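# Overview (structure and organization)
As a plain string of letters, each chain reads:
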Amino acid sequence: MLAGKKILLCVTGGIAVYKAAALTSKLTQAGAEVKVIMSESACEFVAPLTFQALSRNPVYTDTFDEKNPEVIAHIDLADWPDLILAAPATANVIGKMANGIADNMITTTLLAAKAPVWIAPAMNVNMYSHPAVQRNISILDSFGYKFIEPSEGYLACGYVGKGRLEEPERIVELVDDFLSMDSGKKGILEGVKMIVTAGATKEKMDPIRYFTNRSSGKMGFAVAEQAAKEGADVLLVTNSQLEVPKGVRTIHAESAEDMYQAVMANANEADVIIKSAAVADYRPKKIYDQKMKKQEGDLIVEFERTKDILMELGRTKEHQFLVGFAAETENIDHYAQKKLQNKNADMIVANDVSHEGAGFQGDTNIVTIYKKDGSKTELPLMSKQDVAHHLIKEIAEAMKEVR
């Protein structure tokens, strides 16, 4: 995957250094040439010899240890790679990088580098959320550095939360995606036309009030972003105010009816339709032109059904690959299988929103992907970006089989 690519791995001190060893191995197996710089504290966790054996290159630990008298080591290393990866990156090195401190081999090299720099933080959840760390991350983001978000889970300190170094396999995938795009390699959805719906709808009652739900649109936006990265021509239909992913076209759809009209008007041109929006099932039967005034006693609002967009797409589809989402609180397997059949969908992505980490508005999800052939793929707690990545791969594989 990464044949001929040059990657400089900067390893700083934390228990996650053991994952950096695995990352070195996987990058090398993928064909990359890897050179490693270790901080003094990183050497306390894993010996440099381990990284030397895995990378088949010398390991750098000391700014003043000039292995080749013909070059200045940290300048030569800074000029060498296609990509620099700091993994794991501690709060300490993030702070130094953000403030231009160059007091060891890693920080002096990074200050001199022109290649893209990716940072994969790993630390205690409270350290990661500290305002100083978040400020430093924001500063580095403004410099153009890319961050690989830490995942959530059990940490070595005993806490459960966000702070785990992303898994080496996923980092390799991200690196491959980035360097493949840079080399002009086609994505797995190249030429595919896709519609993605995202977020909640708003069902108006009067000029001031409306009914809605808790959906933020983060999952749908992540799907649209990943699809675009894989070469798809993506149309995102949404009411969300999130930042639109690069290369994605949008249609604003406030109500369920707006979303229905937008989707149906473009459905015939689509190869894939992913309906991840949490569309209202009901809307007020009467909409008032003026603000409803407060009255004595209770208020009774009569509702009527909205159009079932997924049902209509399933009924009218010809060549489209149709994916629906199902947010449930009980009997997930039963309701997902029923929805898959009743809506004539090709795939249903279901989750139990009552589980911590799988609900609306968060950055993580826990989903099961149900397929028309009766098989299913269960994904553990992971970021919505990672869920989207897995979903796009599943869709691409399924489309190969039906074409």
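Residue indices follow the written sequence of each chain, beginning from 1 at its first position. Local features in this predicted model are restricted to residues of pLDDT 70 or higher, and side-chain atom pairs are both shown and tallied only at a pLDDT of 80 or more, whereas totals for entire chains, interfaces and linings draw on every residue. The side-chain values count all of the structure's non-hydrogen atoms but skip hydrogen atoms and water molecules.

## Some details on the packing of helix 11 (residues 256-266) against helix 12 (residues 309-316)
- Orientation is described by axes fitted as lines to C-alpha atoms, over the contacting stretch for helices, and by angles from 0 to 180 degrees between their N-to-C directions. Secondary structure elements follow DSSP: runs of H or I of four or more residues count as helices, runs of E of two or more count as strands, with numbering from the N terminus. The geometry of helix 11 relative to helix 12 is characterised by a closest axis approach of 10 Å and an angle of 20 degrees between their N-to-C directions. Overall, the two elements helix 11 and helix 12 adopt an arrangement that is roughly parallel. Judged by the sense of rotation from one axis to the other, the crossing of helix 11 with helix 12 is right-handed. Contacts from A256, M259, Y260, V263 and M264 in helix 11 reach I309, E312, L313 and T316 in helix 12.
- Within the contact of helix 11 with helix 12, the residues separate by chemical class into 7 nonpolar, 1 polar and 1 charged. The labels follow the angle: roughly parallel below 35 degrees, roughly antiparallel above 145, roughly perpendicular from 65 to 115, and oblique for the rest. Should the near helix be turned counterclockwise from the far one by less than a right angle, the crossing is left-handed, whereas a clockwise turn marks it as right-handed. Only heavy atoms enter the contact rule, under which two residues are in contact if any of them lie within 4.5 Å. Polarity classes work like this: nonpolar for Ala, Val, Leu, Ile, Met, Phe, Trp, Tyr, Cys and Pro, charged for Asp, Glu, Lys and Arg, and polar for all others, with Gly in that last group.

## Re empty space enclosed by the protein
- In this analysis a 1.4 Å probe is tested at points of a 1 Å grid over the protein atoms alone, and where it fits but cannot get out there is a cavity; an open set with protein on both sides within 12 Å along at least five of seven lines is a pocket; lining residues have an atom within 4 Å of a point. Grid points are joined across faces, edges and corners, and a volume is the space filled by probe spheres set on the points. The final tally for this structure, using the stated rule, is 1 cavity of 30 Å³ or more.
- As a volume, the largest cavity reaches approximately 40 Å³.
- Taken together, M97, I101, T107, L110, L111 and Y145 make up the full set of residues lining the largest cavity.
- If one sorts the elements of the lining of the largest cavity by residue count, helix 6 (residues 105-112) sits on top with 3 residues.
- When the residues that make up the lining of the largest cavity are grouped by side-chain class, the tally is 5 nonpolar, 1 polar and no charged.

## Some words on the confidence of the model for the chain
- Confidence of the predictor in every single residue is expressed as pLDDT, which spans 0 to 100. With 97% of its residues at a pLDDT of 70 or more, the chain shows a mean pLDDT of 91.
- Least confident of the elements in the chain is strand 7 (residues 151-154), whose mean pLDDT is 72; most confident is strand 14 (residues 272-275), at 98.

## Structural notes on the domain arrangement of the chain
- For each domain, the first and last residues come from an automatic or database assignment. Domains assigned within the chain are domain 1 (6-182) and domain 2 (193-402).
- Each partner contributes to the interface: domain 1 provides 6 residues, whereas domain 2 provides 9 residues.
- When two parts are brought into contact, each loses some accessible area as probed by a 1.4 Å sphere; the total of that loss over both is the buried area. Counting each side, the surface lost to burial between domain 1 and domain 2 is near 650 Å², with a carbon and sulfur contribution of 37%.
- Salt bridge, as used here: a side-chain nitrogen of Lys or Arg that lies within 4 Å of a carboxyl oxygen of Asp or Glu. Along the contact surface separating domain 1 from domain 2 lie 2 salt bridges.
- Notably, a salt bridge pairs E173 with K393, separated by 3.5 Å at the nearest N-O pair.
- When the residues that make up the side of domain 1 that touches domain 2 are grouped by side-chain class, the tally is 1 nonpolar, no polar and 5 charged.

## A word on the UniProt feature "active site" (unreviewed entry) in the chain
- UniProt positions are given in the numbering used here, feature names are shortened, and annotations may be inferred rather than shown by experiment. Using the residue numbers shown here, the UniProt feature "active site" (unreviewed entry) corresponds to C157.
- Looking at the secondary structure, you find C157 in the loop between strand 7 and strand 8 (160-164).

## Regarding the pattern of salt bridges
- Within this structure, the stated rule accounts for 23 salt bridges.
- For the salt bridge of K229 with E225, the shortest nitrogen-to-oxygen distance reads 3.6 Å. Taken as a pair, K229 and E225 lie in helix 10 (residues 218-229) at a separation of 4 residues, close to a single helical turn.
- For K229, a relative accessible area of 35% corresponds to the partly exposed category.
- One network of salt bridges, in which partners are shared, links R170, E173, D386 and K393. Relative accessibility thresholds used throughout: buried, under 20% of the residue-type maximum; exposed, over 50%; partly exposed, between the two (1.4 Å probe, protein chains only).

## Description of the sheet that holds strand 17 (residues 321-328)
- On the basis of which strands lie adjacent, the open sheet formed by 8 strands has the order 13-12-9-14-17-18-20-21 and mixed pairing. Here the strands that pair on one side only, and so sit at the sheet edges, are strand 13 (249-252) and strand 21 (376-378). Strand-to-strand twist of the sheet, defined as the mean angle between neighbouring strand axes without regard to direction, takes the value 15 degrees.
- Sitting on the sheet, helix 13 (residues 332-342) is in contact with strand 17, strand 18 (347-352), strand 20 (368-371) and strand 21, with an inclination near 155 degrees to strand 18. Being paired, for any two strands, means DSSP has found at least two bridges between them.

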